[in-house]
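# Structural overview
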Amino acid sequence: MNLILFGPPGAGKGTQAKILQGDWRLPQLSTGDMLRAAIAAGTELGKKSKAIMDRGDLVPDDVVIGIIGERLDRPDCAQGAVFDGFPRTVPQAEALDKMLASRGSKIDAVIELKVNDEAMVGRMENRVRENPASARPDDNPETLKNRLGVYHKNTAPLLDFYRRQGKLKVVDGMAPIPQVAAAIHSILTGLESETAS
């Protein structure tokens, strides 16, 4: 089963991806982690990515898709994976669909962790107040509001793309972590029973 998790910064995608990894044995595929791993492993695509990143440029879609392809060929992805941070654009989504189709696979569900922007800013402010030592340099309301704006602008077309495919499922990301995990679990259980029937 291949899933995509969508949600703005701080929505809990990483937390839910780890739960999915434990409960469903679906590895979390984070493009940033994969690029760093490909560079460290010295693969052809890793070398190509390093040269591009060293120039300060964005790694082009075809290289990112190639790295995802290399990662999907590893044994732990045999049953599927959770995509986190990818795709970010409709052309990337189309390329991912094409690559998975060439492997006889597809995206089974796209799960959007729906959150309230104002509440997210409040959450971040509480976290910083309660534990100032763990605050990141970009943990401030203006930066978070900007990141939320960028997320909505870039992600809206992708959500429409997957909505048209009938794959988009929306979960209340403001609920407590166990409730969010339970909602995702019931979506996946429903998908499994559809596949089995």
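One can find the structure itself at the top, above this paragraph.
Residues numbered from 1 in each chain as written. Predicted model: local features only at pLDDT ≥ 70, side-chain atom pairs only at ≥ 80, totals over all residues. Heavy atoms only, no water.

Before going further, it helps to examine unusual backbone geometry. You will see that Arg25, though not glycine, has its phi angle at about 55°, which is positive. Tracing the backbone shows Arg25 in the loop between helix H1 (13-24) and strand E2 (28-30). In this structure Arg25 comes out as exposed when scored by relative accessible area, which is 61%. (Helix = DSSP H or I, 4+ residues; strand = E, 2+ residues; numbered from the N terminus. Buried < 20%, exposed > 50% of the residue type's maximum accessible area, 1.4 Å probe, protein only.)

Locating Lys13 in the fold gives a position in helix H1. It is Asp84 that comes nearest to the buried, bridge-free Lys13 among opposite-charge side chains, at 4.9 Å. Beyond its immediate stretch of four places on either side in the chain, Lys13 contacts Leu5, Phe6, Gly7, Pro8, Asp84 and Leu113. (Lys, Arg positive; Asp, Glu negative; His and termini not counted. Salt bridge = Lys/Arg side-chain N within 4 Å of Asp/Glu carboxyl O. Contact = heavy atoms within 4.5 Å.)

Take the sheet that holds strand E1 (residues 2-6) next. Ordered in space as E2-E3-E1-E4-E5, the 5 strands form an open sheet in which the pairing is parallel. Strands with a single pairing partner mark the edges of an open sheet, and in this sheet they are E2 and strand E5 (168-172). Within the sheet, the average angular offset between the axes of one strand and its neighbour, ignoring direction, is 25°. Pairing analysis gives 4 bridges linking E1 to strand E3 (residues 81-84), with the strands arranged parallel. Residue pairing for E3: Asn2 is matched across the bridge by Ala81. With respect to the sheet, helix H2 (residues 31-41) is in contact with E2 and E3, its orientation differing from that of E2 by roughly 75°. (Pairing = 2+ DSSP bridges. Axes fitted to C-alpha atoms, helices over the stretch in contact; angles between N-to-C directions.)

What follows covers the pattern of salt bridges. Summed over all chains, the structure comprises 8 salt bridges. A salt bridge links Asp54 to Lys50, with the shortest nitrogen-to-oxygen separation between them at 2.8 Å. Separated by 4 residues within a single helix, Asp54 and Lys50 lie in helix H3 (residues 44-54), roughly one turn from each other. With its nearest N and O atoms 3.9 Å apart, the salt bridge here joins Glu112 to Lys114. Look at Glu112 and you get buried, because its relative accessible area is 7%.

Let us look at the pairing of E1. Most of E1 sits inside the fold, with 5 of its 5 residues counted as buried. Sheet analysis places E1 next to strand E4 (residues 109-114), joined by 4 bridges and oriented parallel. Bridge pairing links Leu5 to Ile111 in E4.

A word on the packing of aromatic side chains. In the structure shown here, the tally under the stated rule is 2 aromatic pairs. Ring centres of Phe6 and Tyr162 lie 6.4 Å apart, and the angle between their planes is 45°; on these two criteria the pair is classed as tilted. Of this pair, Phe6 sits in strand E1 while Tyr162 sits in helix H7 (residues 141-164), and the two are 156 residues apart along the sequence. For Phe6, a relative accessible area of 6% corresponds to the buried category. We classify Tyr162 as buried; its relative accessible area is 0%. (Phe/Tyr/Trp six-rings, centres within 6.5 Å; stacked < 30°, edge-to-face > 60°.)

Let's shift gears to the environment of Asn131. Within the element layout of this structure, Asn131 appears in the loop between helix H6 (117-130) and H7. In the structure, Asn131 is positioned 77 residues away from Asp54 in sequence and 35 Å away in space, judged by C-alpha atoms.

Attention now moves to the packing of H2 against helix H4 (residues 61-72). Their axes nearest at 10 Å, the elements H2 and H4 cross at an angle of 80°. Here H2 is positioned roughly perpendicular relative to H4, judged by the angle of their axes. Residue-level contacts link Thr31, Met34, Leu35 and Ala38 of H2 to Val64, Ile67, Ile68 and Arg71 of H4. (Parallel < 35°, antiparallel > 145°, perpendicular 65-115°, else oblique.)

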